[in-house]
Every structure is written in structure tokens, then in C-alpha cells.
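Structural overview for review
Spelled out from the first residue to the last, the chains are:
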Amino acid sequence: MTLLSSYNEFIITQQLKGNSDETVAYYKNCITPMINFFGDNFELSALNASELRKYALYW
């Protein structure tokens, strides 16, 4: 599963749970930079501590 497909499923789940538009927008705002950094096709199975450290340095 890619990071983007996981993100899409997460956002849909939050909407189905009845979270406010503001909450969903907050999640999108927090997660979108990570997707932009890793790319749409980044596989979740490749996400590890080393990759997260690279993102932390970028952020």
C-alpha cells in the first residue's frame, strides 16, 4: 500500500466518523507535507526510522 492510498483511506475514515471539516483539514495540512516529501508512490512498507529521520531533517 502506498502512502497516498493510506492517506486517502485515513481521510475517508475521519469523514465517516463524523469529524468536523476543520479537523479533517487539519489532518490534511499535517500529512500533505509528508506525502510531498516521500512522493505519491512511496510504499508504506519502506517507511522506517531512517526514512522518518530524513523527513524530520527536511521539515
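These lines cover the structure that appears in this document, whether it is placed above or below. Predicted model, so just to flag it, every value in this text is computed and none were measured.

Viewed as axis vectors pointing N to C, helix H1 (residues 3–16) and helix H2 (residues 21–38) meet at an angle of 175°, and their least axial separation amounts to 11 Å. The pairing of H1 with H2 is recorded here as roughly antiparallel in orientation. Contacts between H1 and H2 pair Leu-3, Leu-4, Tyr-7, Phe-10, Ile-11, Gln-14 and Gln-15 from the former with Val-24, Tyr-27, Lys-28, Ile-31, Thr-32, Met-34, Ile-35 and Phe-38 from the latter.

Before going further, it helps to spend a moment on the packing of aromatic side chains. Taken as a whole and judged by the stated rule, the model has 8 aromatic pairs. Residues Phe-37 and Tyr-58 carry aromatic rings whose centres are separated by 4.7 Å and whose planes lie at 35° to one another, so their mutual orientation is tilted. Of this pair, Phe-37 sits in helix H2 while Tyr-58 is found in helix H3 (residues 49–58), placing the two residues 21 residues apart along the sequence. Exposure remark for Tyr-58: the relative accessible area of 48% places this residue in the partly exposed category. Through pairs of rings, three or more aromatic residues link up here, namely Phe-37, Phe-38, Phe-42, Tyr-55 and Tyr-58.

Here is what the cut-offs are and how they apply
Counting starts from 1 at the beginning of each chain's written sequence and moves along it residue by residue. Per-residue local features are limited, in this predicted model, to residues with pLDDT of at least 70; the limit for side-chain atom pairs, both in listing and counting, is 80 or more; totals at the level of whole chains, interfaces and linings are taken over all residues. Values reported for side chains reflect all heavy atoms of the structure, with hydrogen atoms and water molecules removed beforehand. A fitted line through C-alpha atoms serves as each axis, taken over the contacting stretch for helices, and the angle formed by two N-to-C directions is quoted from 0 to 180°. Secondary structure elements follow DSSP: runs of H or I of four or more residues count as helices, runs of E of two or more count as strands, with numbering from the N terminus. Roughly parallel means an angle under 35 degrees; roughly antiparallel means over 145; roughly perpendicular covers 65 to 115; every other angle is labelled oblique. Residues count as neighbours in contact if any of their non-hydrogen atoms are within 4.5 Å of one another. The aromatic pairing rule takes the rings of Phe, Tyr and Trp, using the six-membered ring of Trp, and pairs them if the centres are within 6.5 Å, calling planes under 30 degrees apart stacked, those over 60 edge-to-face and the rest tilted. For every residue, the accessible area (1.4 Å probe, protein chains only) is compared with the maximum for its type, and the residue is labelled buried under 20%, exposed over 50%, or partly exposed between those bounds.

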